[in-house]
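Observations on chain architecture
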Amino acid sequence: MNRDDHLNSIAKYVGRMAHEIRALNAVGRFDINSVAEDFLIPVLKLVFDCPDLQNMNRIQANFPAVDLGCATTKVSFQVTTDGSSSKVVKTLEGFHEHGLDKTFDQLYVLALNEKQASYTAKSLERAIAVLTIPFNPAANVIDWVDILTRIQHLETAKLEAIDQYLASGWAKRDSHVKFREQLDKFLRFSTDKIEVEKISRKYIPSIFVETHSTKEQMRLFANPLFFYRKIQDKLRNFGYDHLKPSFRIAGEPELVSELDVGLLSASPATFAELSVWLDQFDQAIGIELAKVRPLSWRRETGEACYEPVNPESAGWKIAQFRLESAASGLTSRLIDARALISLIRKKIFLVTSMAGQGKTNFVCDLVENQFCLFEIPCLFIPARKLNGFTSGTRLFDYIAHNRYAPDGTKLHEYLTLFDQVAQEVEKPFVILIDGINEVTDLASFNEELTAFCSAVCQYDWIKLVITCRSEFFDERFATMLEEPFAAHIHRVNDLRSEMTDHGKARLLNAYFTHFRIGGQLQGKAKAFLENDLLLLRIFCERHEGSDVGYVTDIYKGDLFGDYLRRKIDSFPQHHRANAKATLFKIAASMLAADDFSKFSVSEFTSQEQEIVWRFVEDDVILRREVDSDGLAAVGNLTISFTYDELRDFIVAYQLVDRPVAQKAQALTEMLARLPSSPVYEGVYRYTYLLARRTNDTAVVAACEAAPNFTEHFSHNVHLLPPAVQKSEDVARVTAILADADGARRRRRVALFLLHRSNTADLLNIAILIDHLNDLEDEEHATFIGEIFGDHRDYDPLRWQQRINKLVADVGEDEGGRGIVRYAPEWLAFFLHAAAHAGWLERERASSLFQDAGDTVNCTEALVRVGPAKATTLQMLLSDIEASQEAVA
């Protein structure tokens, strides 16, 4: 391009800028003015030969009189859309008032709209007269025409530089405008990744149950202009009027609230208004805390306590407790309200918890429901997808990879754009990174993530949500908590702990509905699954699409074996044959190394590593672990078993599954070497259960010959399915019940039998009833006491609580209609227990059996305990008989 081409091009870009500024100002959009200040700096540097020209507001917020200045040439500019004489006068007066003539020798007033034809006002003459630097309105008040005139006289190299800069700037602006037009597509391209999470079953919408407190926190964090009212609700009707009588009794001066009711009724509509309101509210809370907290029990460390006027007076001693108690409640309300203000101001919402606790479900539900419902702009990043991008710039590359993203070369270009979007819609722009522990090369990513967090925290209304497994965060990312931006982090340590019992029950029902499972859970089976999400997931995947019938217990050995077979059958055909062998190889390697915490598969074949990755991506059987530091760890995959009991099962499975010639030796070595290992109990348990299931007599014999077999048996008898129970097991159970020296063992066995009401099973409650019937008074009392507590230190309340829990556990809801029935064997046990309880339980037993003539189960229970030797029980039976006769 020649000189004329550059001049024509520059004139076009300058004309466009002048037009857009006039148009935007005409509709009340003046934010373009501050943008223009920065945009013009490179142009003015060349036109006025000011190499160090900079925005003075970057040096000092709200810098007076001038917007731009060059310390080298001492030239300054006021950039304004108002070219009137009064604006020029105001600028000159401010320049003089703040002594800026000591810093600058020249001052230009740049009118972004047209300047006046002339400046002859007397006030302007007076303002110029007091200046110590020369100022000629004809030369020093300039507009676009003046700038273009100066540009015409520049050398060609500078013309080319200005032309290229303006072309690049307008291209970027056009790109940004296009981005705004395609914002929905940009965001949808990101949130569509949630559909991938659904396919992989990392996110199952129908089974998500909200953790109420975490949800409430997220609402304030991500949508403060809608939910700020929760702060007002905390302090609505706040005051000290109810304390006036107590203050008068104590002879103390009354407290008077200065909390402005206007703050409680305010309705900030913009981010700017919200920021001011938060500052005012926080200041008001501080004032009230200074009054009331010294009187409360919630004083901060080192904070002085309230000093009464007369601490020895009778009035103070009478009113002190009430005043301190009420002050503590008021202090709590103030502190809670301040915590909500702090939460709104946080920039990073960090969720850490163990594997399988629902982090992905939580964040995907946020995006799909809460954020979409409130139209909160959100960029969703499944962290494992970052592995496909260059280490060190993964996050930037992921954003740029979106086909609707504008061209950008720096992270801050995107963040600036996101912040502008947030300002326009008056809702934070949320970037959500799920599962940072799934990124490879964690050391490098830690540095990148730290830089990313630091960058995000520089913007007013960009917010970041991060999820991570607890142990990964603590080992690899905990340094984030030492960074300057750590004050902006709000951390939730455990999603599961935030779930109520009602939420757990809903979760269980939701899982069964999603996996199309019919049937009913009772007692221990229900408790197991409600309190163990991984076991619940395994159970549901195993029984998907089937009816499980009436389930009272979970036989984990059978469940794990069936689940593994079903999972392997879902693999591609070419992986199925080697999937079980690969798991066995991991288990055998851990066993050989005597390290069951983690294992590197770097020496595995490529096919074996592909199989491992499949298991890891599912995150139920295997999970990725933290690699060791250093170059040796680059590209390495270190794994562990997600569920410890499933690990023990697989270790045992590979022992039992070996050829006969190798099996005996391997088992003998294991039993001799593992007793000190934390996996010994679990491996022994599943080795024995698998051997019993497969009728492997050699392995069964080896297990039963091990030291402390009786102790092991008492721990694991509940896992023996009815199909493998034998008469030898009945003999062992009977012997344990009769062993007065093994109180803990027989308590375990007794509680196991209590929950086995099906008399068709070899091991059932009838064994316990027969044993109790055969005990004399002292032995009977001791045995019952061992089950519910020390009978020598009888506590009626604790005894009643334990029996009530047992009643709830063993009751059977017939057909799910809310009509609870109890097996006659269990009613018989209740009579045995009530015989040694307090009068309340004996009365309860009598009341329960008053209508025994009309209740088959009660009648049968009375027959079952008829032969009992314990006189205390016989007395109870006499009371029941008398009650029945009285009713009759």
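Let me begin by describing the structure that accompanies this report. Nothing here was measured: the structure is a model prediction, and the numbers come from that model. Each chain carries its own residue numbering, running from 1 in the written order of its sequence. With the structure being a predicted model, the display of local features is reserved for residues of pLDDT at least 70 and the display and counting of side-chain atom pairs for 80 or more, all residues being used for whole-chain, interface and lining totals. Computation of side-chain values covers all heavy atoms of the structure but excludes hydrogens and water.

1. A closer look at the overall build of the protein chain
Labels follow the DSSP assignment, with helices taken as runs of H or I lasting at least four residues and strands as runs of E lasting at least two, numbered in each case from the N terminus. Looking only at helices and strands, the protein chain features 42 helices and 17 strands. Burial classes: relative accessible area under 20% of the type maximum marks a residue as buried, over 50% as exposed, and values in between as partly exposed (1.4 Å probe, protein chains only). Counting only residues that meet the buried cut, the protein chain has 51% of its 888 residues in that class. The criterion used for residue contact is that any of the two residues' heavy atoms lie within 4.5 Å. For the protein chain, contacts bridging at least 24 residues in sequence account for 73% of all contacts bridging at least 6. Counting only carbon and sulfur atoms, one obtains 51% of the accessible surface of the protein chain, whose full area is about 40,900 Å². Using the Shrake-Rupley algorithm and a 1.4 Å probe, accessible areas are obtained, with residue cover drawn only from the displayed protein chains.

2. Brief notes about the sheet that holds strand β3 (residues 75-80)
Across a sheet, strands are paired by hydrogen bonds formed along the backbone, either parallel or antiparallel in direction. Pairing between two strands requires that DSSP report at least two bridges joining them. Spatial ordering of the open sheet is given by β1-β2-β3-β4-β5, a layout of five strands whose pairing is mixed. Strand pairing shows two members of the sheet lacking a second neighbour, β1 (53-55) and β5 (141-142), which therefore form its edges. Strand direction decides the pairing type here: strand β2 (residues 68-70) and β3, joined by three bridges, are antiparallel. In the strand pairing of β3, Gly-69 is matched with Ser-76. Orientation is described by lines fitted to C-alpha atoms, with helices fitted over the stretch in contact, and by angles between N-to-C directions that extend from 0 to 180 degrees. The strands touched by helix α4 (residues 85-97) are β3, β4 (106-111) and β5; relative to β4, the strand with the most contacts, the crossing angle is about 150 degrees.

3. Describing the pattern of salt bridges
Close approach of charged atoms lets side chains of opposite charge pair. A side-chain nitrogen of Lys or Arg and a carboxyl oxygen of Asp or Glu constitute a salt bridge if their distance falls within 4 Å. Tallying each qualifying case throughout the model produces 37 salt bridges. For Lys-291, the salt bridge goes to Glu-258, with nearest N and O atoms at 2.9 Å. Of this pair, Lys-291 sits in helix α16 (residues 271-292) while Glu-258 is found in the loop between α14 (244-250) and α15 (261-265), placing the two residues 33 residues apart along the sequence. By relative accessible area, which is 18% here, Lys-291 ends up buried. Under the relative-accessibility criterion, Glu-258 is labelled exposed at 55%. Here Arg-565 ties to Asp-562 by a salt bridge, and the two come within 2.6 Å at their closest N and O atoms. Here Arg-565 and its partner Asp-562 are both found in helix α26 (residues 556-569), three residues apart, which amounts to about one turn of the helix. Since its relative accessible area comes to 25%, Asp-562 is described here as partly exposed.

4. What about the sheet that holds strand β8 (residues 429-434)?
With respect to topology, five strands assemble into an open sheet ordered β7-β8-β9-β6-β10, the strand pairing being parallel. Single-partner strands in this sheet number two, and they are β7 (378-382) and β10 (489-492). Each adjacent strand pair in this sheet contributes to an overall mean axis angle of 15 degrees, direction not counted. Pairing analysis gives five bridges linking β8 to strand β9 (residues 462-469), with the strands arranged parallel.

5. Overview of empty space enclosed by the protein
Think of a 1 Å grid over the protein atoms and nothing else: a 1.4 Å probe that fits but is trapped marks a cavity, an open set flanked by protein within 12 Å on at least five of seven lines marks a pocket, and residues with an atom within 4 Å of a point count as lining. Grid points are joined across faces, edges and corners, and a volume is the space filled by probe spheres set on the points. In this structure the tally under the stated criterion is two cavities of 30 Å³ or more. Empty space within the largest cavity amounts to approximately 50 Å³. Looking at the largest cavity, the residues that line it are Ile-10, Tyr-13, Val-14, Met-17, Leu-40, Val-43, Trp-144, Ile-147, Ile-151, Ile-162 and Leu-166. Among the elements that take part in the lining of the largest cavity, helix α1 (residues 3-26) stands out by supplying four residues, more than any other. Throughout, the ten residues Ala, Val, Leu, Ile, Met, Phe, Trp, Tyr, Cys and Pro are labelled nonpolar, Asp, Glu, Lys and Arg are labelled charged, and all others, Gly among them, are labelled polar. Counted by class, the lining of the largest cavity contains 11 nonpolar, no polar and no charged residues. Considering the residues around the second largest cavity, the lining is formed by Glu-197, Lys-202, Thr-360, Ala-383, Arg-384, Asp-434, Gly-435 and Glu-438. Grouping the amino acids of the lining of the second largest cavity by side-chain chemistry returns one nonpolar, two polar and five charged.

6. Quick notes on the packing of α4 against helix α5 (residues 122-129)
One can describe the packing of α4 onto α5 by two numbers: an axis separation of 9 Å at closest approach and a directional angle of 20 degrees. Here α4 is positioned roughly parallel relative to α5, judged by the angle of their axes. In this structure, the crossing between α4 and α5 has a hand that is left-handed. In this structure, α4 uses Val-88, Val-89, Leu-92 and Glu-93 to contact α5, whose residues at the interface are Ser-123, Leu-124, Ala-127 and Ile-128. Class assignment of the residues belonging to the contact of α4 with α5 gives a composition of six nonpolar, one polar and one charged. Should an angle fall under 35 degrees it is called roughly parallel, over 145 degrees roughly antiparallel, and 65 to 115 degrees roughly perpendicular, with every other angle called oblique. Left-handed describes a crossing whose near helix is turned anticlockwise from the far helix by less than a right angle; the clockwise case is right-handed.

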